[in-house]
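# Per-entry structural report
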Amino acid sequence: MTTYAALLRGINVGGSRKLPMAGLRALMGELGLGDVRTHLQSGQAVFTAEDGDEEALAARIGAAVGQRFGFPVDVLVRDHAYLRAVVEACPFPAAALEPRQLHVTYFSADPGPARYDGIDRAAFLPEEFRLGDRALYLYAPDGIGRSRLAQRLSGAGSDKDLIATSRNWNTALKLVELTAG
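Residues numbered from 1 in each chain as written. Predicted model: local features only at pLDDT ≥ 70, side-chain atom pairs only at ≥ 80, totals over all residues. Heavy atoms only, no water.

### Describing the pairing of strand β5 (residues 102-107)
Heads up, the rule is: Buried residues are those whose accessible area, probed at 1.4 Å on protein chains only, stays under 20% of the maximum for their type, while exposed residues exceed 50% and partly exposed ones sit between those limits. Helix and strand definitions follow DSSP, with helices as H or I runs of at least four residues and strands as E runs of at least two, each counted in order from the N terminus. When DSSP finds at least two bridges between two strands, those strands are taken to pair.
The element β5 is extensively covered by neighbouring structure, given that 6 of its 6 residues are classed as buried. Every second residue of β5 is oriented toward a common face, with L102, V104 and Y106 on one face and H103, T105 and F107 on the other, all of them buried. In this sheet, strand β7 (residues 135-139) lies alongside β5 in antiparallel orientation, the contact comprising 5 bridges. Note that in β7 the partner of L102 across the bridge is Y139. Pairing of β5 with strand β8 (residues 164-168), which is carried by 5 bridges, proceeds in the antiparallel orientation. Bridge pairing in β8 places H103 opposite N168.

And the structure:
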C-alpha cells in the first residue's frame, strides 16, 4: 500500500463549489481507497491505495466528486516521496521565512520554463518564483493575497490540459507529514 495526497483544485474557496470534507472522505472510501483523512477545508485528502497510477487515481476521484456533488473538480494525486522531494528542493530559505510568504503550485505535468519567459522578474521584486519538478515555488513577502506576481503567474500560458493548484508552505509540510505513513 502506498500513501497518497489528493489535491483538489478550487473547492470551498467561495460561495459555490462547496464540498464537505466528511462527504469527500465517505466518497473516497466508497471508491475503495483506504485510511482516508482530510486536512483543513480547502481540498486535500490523504489515503492509501495499491494502485500506483497517480493519474488514474486522480481521474477516478475527480469523476466521482463531479457525479456526487454536481460540479467538475480537477484533482492531482501525489505520493509521499514526491511531496517530500518538493519540500526538500525548495530554492528559498523556508526555515527563515514566515509560512505565509512561501507557496507551492503543484502541476499535473512539467509546465516548462518557456511558459514564464514573458514575465519580467525584476519588475516584481522582492517577490520571486522558481520552477521545480512539476512545481513552482513562490516567495511573496507580503502574502499571496497582495502578490502581484501570483496574479501574473496564474495568467501565464493557456494550456487547458495542465492542472495547477497551490498550497501554502504550512500545508506543503503537513502533506509530507500526513503521507509519511
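### With respect to the sheet that holds strand β1 (residues 2-8)
Inclusion rule: Helix axes use the C-alpha atoms of the stretch in contact, all axes being lines fitted to C-alpha atoms, and the angles between their N-to-C directions lie in the range 0 to 180 degrees.
Across the sheet, which stays open at both edges, the 4 strands sit in the order β2-β3-β1-β4 with antiparallel pairing between neighbours. Each edge of the open sheet is held by one strand with a lone partner, namely β2 (34-39) and β4 (75-79). Direction aside, neighbouring strands of the sheet carry axes that sit 25° apart on average. Sheet topology places β2 next to strand β3 (residues 44-49); 4 bridges connect them, and they run antiparallel.

### Looking at helix α1 (residues 21-30)
Heads up, the rule is: The reported arc concerns the directions from the helix axis to the C-beta atoms and nothing else. By the convention used here, residues are in contact when the closest approach between their heavy atoms is within 4.5 Å.
Every buried residue belonging to α1 is among M21, G23, L24, L27 and M28, and all of these are buried. The buried residues of α1 occupy an angular sector of 155° when projected down its axis, which confines them to one face. Contact partners of the buried residues in α1: β1, β2, β3 and α2 (54-69). Downstream of α1 by one or two residues, G32 has phi in the positive range, about 90°.

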